[in-house]
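Structural description and commentary
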Amino acid sequence: MNATASADSLAARRDRAFGAGSPLFYNTPLHIVRGQGVELFDPEGRRYVDMYNNVPCVGHANPHVAEAMARQQSTLNVHSRYLHEGIVTFAERLAALHGPKIESVIFSCSGTEANEVALRMARMATGKAGIVCTNATYHGNSEAVGKMTRIGNGQNTAGDVRAIPFPEMLRPLVPGASEDELCEAYLDRLRQVIRSFEEDGTGFAGLIVCSIFANEGLPDVPRGFMSRATEIVHAAGGLVIADEVQAGYCRSGVWWGYDVLGFTPDIVVTGKPMGNGLPLAATAASRKLIETFRAATRYFNTFASSPLQAAVGMAVIDVIERDRLAENVATVGAFLKAALAERKGRFASIADVRGHGLFIGVEIAGTDAAREPDMDKAVDIINRLKDRGFLTSNAGAYRNVVKIRPPLVFQKSHAEEFITAFDATMAEVDG
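Since this is a predicted model, take the numbers as computed values, not measurements. (Residues numbered from 1 in each chain as written. Predicted model: local features only at pLDDT ≥ 70, side-chain atom pairs only at ≥ 80, totals over all residues. Heavy atoms only, no water.)

Digging into the overall build of the protein chain
From N to C terminus, the protein chain includes 13 helices and 15 strands. Against the 2.2 N^0.38 benchmark of 22 Å for 431 residues, the protein chain shows a C-alpha radius of gyration of 22 Å, consistent with a compact globule. For the protein chain, the C-alpha atoms occupy an extent of roughly 60 × 60 × 45 Å along the three principal directions. Across the 431 residues of the protein chain, 54% fall into the buried class. (Helix = DSSP H or I, 4+ residues; strand = E, 2+ residues; numbered from the N terminus. Rg over C-alpha atoms; globule rule 2.2 N^0.38 Å. Buried < 20%, exposed > 50% of the residue type's maximum accessible area, 1.4 Å probe, protein only.)

In structure tokens:
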């Protein structure tokens, strides 16, 4: 049986086992059996450069992480209702990576869980229910957190989550406005929504954003927006939640995305890359906020705050610091972004190149004056790149952004390989 037939057979079995409708990437799904660093391999041994997965942030099958995982699992793994020094030390180390406002940590297993804790924490601390998000966001898939997913400019059915337009420069809320005027226009939408919560009795609890607006397509945000938005939120008695599941852990070339956009959150959520594949997430805040939440809920998560999470979480931070991965991300990311920006004038379909560190978005749009988002062409591009051995995806508010987000160990040599494949792909799709 050839590789395609084998993949088709496995996909059919998957539909039976999972139920049809479970999503897969690419027009011809990939069957991956092994990974090493930034490379993935199919059953035939074909190599693919992973330019999408932020979960294995220090690389697929990282030996230091794998050894820490195996050693701890073969020694002890219990739930958190026993004392264990490892998880306490890990919480202390994680909190210390933030500023002085972040003192304590609640561990969980997924970004969804961690965001749910953050929302509950904000509502308990303020005694209010209203949460503001953006109109093209994603923070998880539970019933409560999923209420925020792409609700447009409206609100969820309960009226306790309301959206504002995400701040961007490419397709501005007020065409022709200066950057300062545009910033003010977006901030005014925030003020309006906060006011609407207070007027109808819901009350305003907080604002939640991905610190670099990743799911919105990594837009260039008007300068000062997030620092001023934070001031508005605090003046209204609310809290700011920074979802760092995608933005954090040196993805931008510094530890936290909130430092890139220049604001200080009250609550920070982290997830995916923390465990390099082991389910691990966290909600971090001041001790007062955490203890208020704990007193009201006595929160417990069977698989969280475990010795295994501690050992793996510490190993991931060890590798990031030992191998100076923040520096690598900043250097290689700047090279790749600059190279892609050069292609903007060369290929008509590229409307914009944006991003921070090793998180880059290439906006694909029509070539007429309107520059309408072109999702179909973006999908075509990612499939052609896959066929050339480079794994990306399409994302953003219009699903037209080629999303580039490799493990942090991605090197300049990989970037150079990718640019060669990208040039050949764009030459094909742009005719």
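Past the structure itself, the notes keep going.
Some remarks on the packing of aromatic side chains
All chains considered together, the criterion is met by 11 aromatic pairs. Ring geometry for phenylalanine 25 versus tyrosine 52: centroids 5.1 Å apart, planes at 90°, classification edge-to-face. Here phenylalanine 25, found in the loop between α1 (3-18) and β1 (34-36), pairs with tyrosine 52, found in the loop between β3 (47-50) and α2 (63-73); they are 27 residues apart in sequence, far enough to count as distant. Tyrosine 52 gets classed as buried once you look at its relative accessible area, which sits at 16%. Aromatic ring contacts, followed pair by pair, group Tyr249, Trp255, Trp256, Tyr258 and Phe263 into a single cluster. Over the ring of tyrosine 52 we find arginine 405, and its NZ or CZ is 4.5 Å from the ring centre. (Phe/Tyr/Trp six-rings, centres within 6.5 Å; stacked < 30°, edge-to-face > 60°. Lys NZ or Arg CZ within 6 Å of the ring centre and 35° of its normal.)

Some points on the nonpolar core
What tends to happen in soluble globular proteins is that the nonpolar side chains get buried as a cluster. Among the nonpolar cores identified, the biggest contains 101 residues, and Phe107, Tyr249, Ile320, Leu336, Leu340 and Phe418 are the most heavily contacted of them. Core analysis: the next-biggest nonpolar cluster, separate from the first, contains 27 residues, Leu119, Ile131, Ile241 and Ile290 among them. (Core = buried A, V, L, I, M, F, W, Y, C linked by side-chain atoms within 4.5 Å.)

What to know about the side chain of serine 142
Topologically, serine 142 is positioned in the loop between β5 (130-134) and α5 (143-146). Here valine 145 takes part through its backbone nitrogen, which lies 3.2 Å from a polar atom of the side chain of serine 142. Not counting the four nearest positions on each side in its chain, serine 142 is found in contact with Thr112, Glu116 and Lys147. (Polar contact = N/O pair within 3.5 Å; in protein donor to acceptor, adjacent residues only side chain to side chain. Contact = heavy atoms within 4.5 Å.)

Focus on the pattern of salt bridges
Evaluation of the coordinates by the stated rule reveals 28 salt bridges. Residue glutamate 184 is joined to arginine 228 by a salt bridge in which the shortest nitrogen-to-oxygen separation is 2.5 Å. Of the two residues, glutamate 184 is situated in helix α6 (residues 179-199) and arginine 228 in helix α7 (residues 225-235); the sequence distance between them amounts to 44 residues. Exposure remark for glutamate 184: the relative accessible area of 30% places this residue in the partly exposed category. (Salt bridge = Lys/Arg side-chain N within 4 Å of Asp/Glu carboxyl O.)

Re the layout of surface pockets
Of the voids in this model, the largest pocket is the one considered here, and its volume is about 1000 Å³. Lining the largest pocket are 43 residues, and of these Phe25, Tyr52, Tyr138, Lys272 and Lys403 lie nearest its centre. Where the lining of the largest pocket is concerned, the elements lending two or more residues are α4 (111-126), α12 (375-387) and β14 (393-395). Its residues placed into classes, the lining of the largest pocket shows 17 nonpolar, 19 polar and seven charged. Considering only enclosed or pocket space, the second largest pocket measures out at about 370 Å³ in volume. Taken together, 20 residues form the lining of the second largest pocket, with Ser80, Ile87, Val88, Arg294 and Ser305 sitting closest to its centre. Take the lining of the second largest pocket: its biggest share by element is four residues, from helix α3 (residues 85-96). (1 Å grid on protein atoms, 1.4 Å probe; cavity = no way out; pocket = protein on both sides within 12 Å on 5 of 7 lines; lining within 4 Å. Points joined across faces, edges and corners; volume = space filled by probe spheres on them. Nonpolar A, V, L, I, M, F, W, Y, C, P; charged D, E, K, R; others polar.)

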